[in-house]
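Chains, contacts and geometry: an overview
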Amino acid sequence: MSRSSEPPAGPPKQPQQAGRAGVPVQTRGPAPHEAGAETSVPQPVSASTCGNAYSSGLGRFNAWPRDTAEPALLECFGSHRWALRLAAHRPYPDLGALLAASDEAGYDLSPVDIAEALAAECAPCLHHDAPRAAHLALRAAHAAYESRFGHVFVICLDGVPPSQHVDQVLVAIRTRLAHDADEERALTAEEMRRLARGRIIDLVTEAGSSQGPFLVAGQPVR
């Protein structure tokens, strides 16, 4: 992709799950104040606006040094092998190529790599103002899942209306508790790939619509 004369910008702050408002949502790392609070649904933007943001953001992503790109990618999927591979294969000609590379790298991960990525995830949670009964139900469901499978429950809620998020998570946990270990391992890996795709789109969009400085691992990058 052709580049303008401006200096490469650093990656954006951790995406705020744009387009995935509502409770609960899948987050990475510690969830401050039980992250996943209900928020307003973002207003739709035109295709041309999205295309410009993707093009500009992808150009910046392609130009980041590896020691900047890899931490940004780790915020999308917590496997170092996955992040290194995507960073090393730049530049990508378009967003579709980047997403396809994300999927391909995800399919090639070992169980150890998947476990590393899962360790970086937080289970979907509720805002602290949610009813106590809802907190108890969700915590009990997560505890049962983690006791059976030994890792956090992950689910991608893209396309699910925010008002249905809580019920969707509870139903999904109860359904997946009936899976055997191999079946759930495969489904978990697919949900992780879906989460990574959405986070990459957020990353590229934010890179295309924001100006530095940005934060990577809490440190400003210009």
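Thresholds applied
- Per chain, the residues get numbers from 1 upward, laid out in the order the sequence is written.
- Only residues with pLDDT of at least 70 get local features here, since the model is predicted, and only at 80 or more are side-chain atom pairs given and counted; chain-wide, interface and lining totals rely on the full set of residues.
- Excluded from the side-chain calculation are hydrogens and water; included are all heavy atoms of the structure.
- The numbering of helices and of strands both runs from the N terminus, where a helix is a DSSP run of H or I of at least 4 residues and a strand a run of E of at least 2.
- Accessibility here uses a 1.4 Å probe with only protein chains present; expressed as a share of the type maximum, an area under 20% marks a residue as buried, one over 50% as exposed, and anything in between as partly exposed.
- Whether two residues are in contact is decided by their heavy atoms, any of which lying within 4.5 Å being enough.
- Areas reported as accessible are Shrake-Rupley estimates using a 1.4 Å probe. Residue values count occlusion only from the protein chains shown.
- The term salt bridge refers to a side-chain nitrogen of Lys or Arg lying within 4 Å of a carboxyl oxygen of Asp or Glu.
- For this analysis, a polar contact is any N or O atom pair within 3.5 Å, provided that within protein one partner can donate a hydrogen and the other can accept it, and provided that sequence-adjacent residues contribute only side-chain to side-chain pairs.
- We define a nonpolar core as any set of buried Ala, Val, Leu, Ile, Met, Phe, Trp, Tyr and Cys residues linked to one another through side-chain atoms lying within 4.5 Å.
- Put simply, two rings from Phe, Tyr or Trp (the six-membered ring, in Trp's case) pair if the centres are within 6.5 Å, and we call them stacked under 30 degrees between planes, edge-to-face over 60, tilted for the rest.
- A ring is scored as having a charge over it whenever the NZ atom of a lysine or the CZ atom of an arginine sits within 6 Å of its centre and within 35 degrees of its normal.
- Think of pLDDT as the predictor's per-residue confidence, scored from 0 to 100.
- Think of it as the arc spanned by the lines of direction from the helix axis to the C-beta atoms.

Focus: the overall build of the protein chain
From N to C terminus, the protein chain includes eight helices and four strands. Ordered by position from N to C terminus, the α and β elements of the protein chain give β-α-α-α-α-α-β-α-α-α-β-β. Residues classed as buried in the protein chain amount to 45% of the 222 residues present. Contacts spanning at least 24 positions in sequence make up 74% of the contacts within the protein chain whose residues lie at least 6 apart. Surface summary for the protein chain: the accessible area is close to 11100 Å², and the carbon and sulfur share equals 56%.

Some remarks on the pattern of salt bridges
The full count for this structure, using the stated rule, is 10 salt bridges. Among the salt bridges present, the one from Asp113 reaches Arg81, with a minimum N-O distance of 3.0 Å. A residue pair is termed long-range when its members are at least 10 positions apart, and Asp113 in helix α5 (residues 111–119) and Arg81 in helix α3 (residues 80–88) qualify at 32 residues. Using a relative accessible area of 11% as the deciding quantity, one classes Asp113 as buried.

Focus on the side chain of Arg193
Note on placement: Arg193 falls in helix α8 (residues 181–209). Here the side chain of Arg193 touches Glu190 through a polar contact of 2.9 Å, side chain to side chain. Not counting chain neighbours up to four residues away, the residues in contact with Arg193 comprise Phe77, Asp103, Gly106 and Tyr107.

Considerations on the nonpolar core
Formed by 35 residues in total, the largest nonpolar core has its most connected members in Phe61, Phe77, Trp82, Leu86, Leu98 and Ile200. Broken down by secondary-structure element, the contributors of at least two residues to this core are α1 (47–63), α2 (66–74), α3, α4 (95–107), α5 and α8. Looking at which element gives the most residues to this core, the answer is α8, with eight residues. Listed in part, the 13 residues of the second largest apolar core include Ala141, Leu157, Val160 and Ala172.

Let's talk about unusual backbone geometry
Each neighbour pair has its own omega, and for Arg90 with Pro91 the value is 5°, a cis peptide bond. In this structure, Pro91 sits in the loop between α3 and α4.

Points about the packing of aromatic side chains
Counted under the stated rule, the structure contains five aromatic pairs. Residues Tyr145 and Phe153 carry aromatic rings whose centres are separated by 5.2 Å and whose planes lie at 80° to one another, so their mutual orientation is edge-to-face. Members of the aromatic cluster, connected to one another through ring pairs, are Phe61, Trp64 and Tyr92. One cation-aromatic arrangement involves Arg90 over Phe61; the distance from NZ or CZ to the ring centre is 5.6 Å.

Points about the confidence of the model for the protein chain
Scored by pLDDT, the protein chain has a mean of 78; 70% of the residues are at 70 or more. Throughout residues 1–23 the model reports pLDDT below 50, and contacts reaching past four residues in sequence, or to other chains, amount to 69 contacts. Within the model, the stretch residues 30–49 combines pLDDT values under 50 with 27 contacts to residues more than four positions away or in other chains.

Section: α3
Taken residue by residue, α3 has Trp82, Ala83, Leu86 and Ala87 as its buried positions. One face of α3 carries all of its buried residues, which in axial projection span an arc of 125°. Contacts made by the buried residues of α3 are with α2, α4 and α8.

Some words on the environment of Glu191
Following the sequence through the fold, Glu191 ends up in helix α8. For Glu191, a relative accessible area of 9% translates into the label buried. Along the sequence, Glu191 and Cys156 sit 35 residues apart, while their C-alpha atoms lie 5.8 Å from each other. Among all residues touching Glu191, those that are not within four sequence positions of it are Val154, Ile155, Cys156 and Arg176.

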